[in-house]
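Results of the structural survey
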Amino acid sequence: FDENLGGFQRSIGRGGVTWEFLDKLRERWKGKLVVKGVMRPADAAQVRDAGADAVWISNHGGRQLDGAMASIDALPAVRNAVGPGYPLIIDSGVRTGEDVVKCLALGADFVMMGRPFLYALGAGGARGLGQFLDVMEEEISAVMAQIGVTRIEDIGPHVLAGHGNERG
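Below you will find a few notes about this structure.

**Concerning the overall build of the chain**
Secondary structure summary: the chain contains 5 helices and 4 strands in total. Its helices and strands taken in sequence order, the chain reads α-β-α-β-α-β-α-β-α from the N to the C terminus. Scored against the burial criterion, the 168 residues of the chain give a buried share of 33%. Long-range pairs, those at least 24 residues apart, make up 47% of the contacts in the chain with a sequence separation of at least 6.

**A look at the sheet that holds strand β4 (residues 110-111)**
The parallel open sheet is built from 4 strands, whose spatial order is β1-β2-β3-β4. Here the strands that pair on one side only, and so sit at the sheet edges, are β1 (34-36) and β4. Inspection of the sheet shows β1 paired to strand β2 (residues 54-57) by 3 bridges, in the parallel sense. Counted as the bridge partner of Lys 36 is Trp 56 from β2. Running at roughly 175 degrees to strand β3 (residues 88-90), helix α3 (residues 71-82) makes contact with β2 and β3 of the sheet.

**Describing the pattern of salt bridges**
Under the counting rule described, the total for this entry stands at 8 salt bridges. The closest approach of N and O atoms between Arg 26 and Asp 53, which form a salt bridge, is 3.1 Å. With Arg 26 in helix α1 (residues 19-28) and Asp 53 in the loop between α2 (41-49) and β2, this pair connects stretches of sequence that are 27 residues apart. For Asp 43, the salt bridge goes to Arg 40, with nearest N and O atoms at 3.4 Å. A network of salt bridges, in which partner residues are shared, links Arg 151, Glu 153 and Asp 154.

**Considerations on the packing of aromatic side chains**
Summed over the entire model, instances satisfying the criterion amount to 1 aromatic pair. Aromatic pair Phe 117 and Phe 132: ring centres 5.1 Å apart, planes at 75 degrees, arrangement edge-to-face. Look at Phe 132 and you get buried, because its relative accessible area is 13%. The ring of Trp 56 has Lys 36 lying over it, and the distance from NZ or CZ to the ring centre is 4.9 Å.

**Some words on the pairing of β2**
Alternating residues of β2 divide into Ala 54 and Trp 56 and Val 55 and Ile 57, and every residue in both groups is buried. With 3 bridges connecting them, β2 and β3 associate as parallel partners. Looking at the pairing, Val 55 lines up with Leu 88 of β3.

**With respect to the nonpolar core**
Formed by 37 residues in total, the largest nonpolar core has its most connected members in Val 47, Val 55, Ile 57, Leu 75, Leu 88 and Ile 155. Elements with a minimum of two residues in this core: α2, β2, α3, β3, α4 (97-105) and α5 (115-147). With 6 residues, the single largest contributor to this core is α5. Beyond its immediate sequence surroundings of up to four residues, Val 55 is in contact with Val 35, Val 38, Ala 44, Val 47, Tyr 86, Pro 87, Leu 88 and Ile 89.

**A short note on the environment of Val 82**
Within the secondary structure layout, Val 82 lies in helix α3. Between the alpha carbons of Val 82 and Val 47 there is a distance of 9.2 Å; along the sequence they are 35 residues apart. Sequence-distant contacts of Val 82, that is, excluding residues within four places in its chain, are made with Ala 44, Ala 45, Arg 48 and Leu 88.

**Let's talk about the packing of α2 against α3**
Taken N-terminus to C-terminus, the directions of α2 and α3 make an angle of 40 degrees; their axes are 8 Å apart at the nearest point. The orientation of α2 relative to α3 falls into the category oblique. Judged by the sense of rotation from one axis to the other, the crossing of α2 with α3 is right-handed. Note on element contacts: α3 touches α2 through Ala 77, Val 78, Ala 81 and Val 82, opposite Pro 41, Ala 44, Ala 45 and Arg 48.

Here is what the cut-offs are and how they apply
- Residues numbered from 1 in each chain as written.
- Predicted model: local features only at pLDDT ≥ 70, side-chain atom pairs only at ≥ 80, totals over all residues.
- Heavy atoms only, no water.
- Helix = DSSP H or I, 4+ residues; strand = E, 2+ residues; numbered from the N terminus.
- Buried < 20%, exposed > 50% of the residue type's maximum accessible area, 1.4 Å probe, protein only.
- Contact = heavy atoms within 4.5 Å.
- Pairing = 2+ DSSP bridges.
- Axes fitted to C-alpha atoms, helices over the stretch in contact; angles between N-to-C directions.
- Salt bridge = Lys/Arg side-chain N within 4 Å of Asp/Glu carboxyl O.
- Phe/Tyr/Trp six-rings, centres within 6.5 Å; stacked < 30°, edge-to-face > 60°.
- Lys NZ or Arg CZ within 6 Å of the ring centre and 35° of its normal.
- Core = buried A, V, L, I, M, F, W, Y, C linked by side-chain atoms within 4.5 Å.
- Parallel < 35°, antiparallel > 145°, perpendicular 65-115°, else oblique.
- Left-handed = near helix turned anticlockwise from the far one by under 90°.

Quick look at the structure:
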């Protein structure tokens, strides 16, 4: 909303965010700062170096650009760029418990879901949401059993094919 321009302006905020803006924001905002929509490793490292508390890897559900890279495909390189101890959040395309485990295995610390929660609420209200959460818990537990881990902390790239787990 921009009162000087007579109301809501869809274009406000698009393309106007710069590294200088992030530096000024970090200087003025002493609370937790998470930057969402980061897909490139160099950008993630620059966000970290600017003092943000976490990077949120997201292609915004593919709504912004339907040909954008999938967030999960960007995750390993972003993890490598920011290092092992820096918090990474991911969303976009996460629909199942298996998807959650894959994101954790590739280096995410937090996995967010949007549409599945909305679908569950829309289809069944509070009861539908509860059922969805039960299904997610069951799926994550089943996947963990299949890969031989009992703790979330033990999920890593070694549990995925193509990431050092093949037998020769």
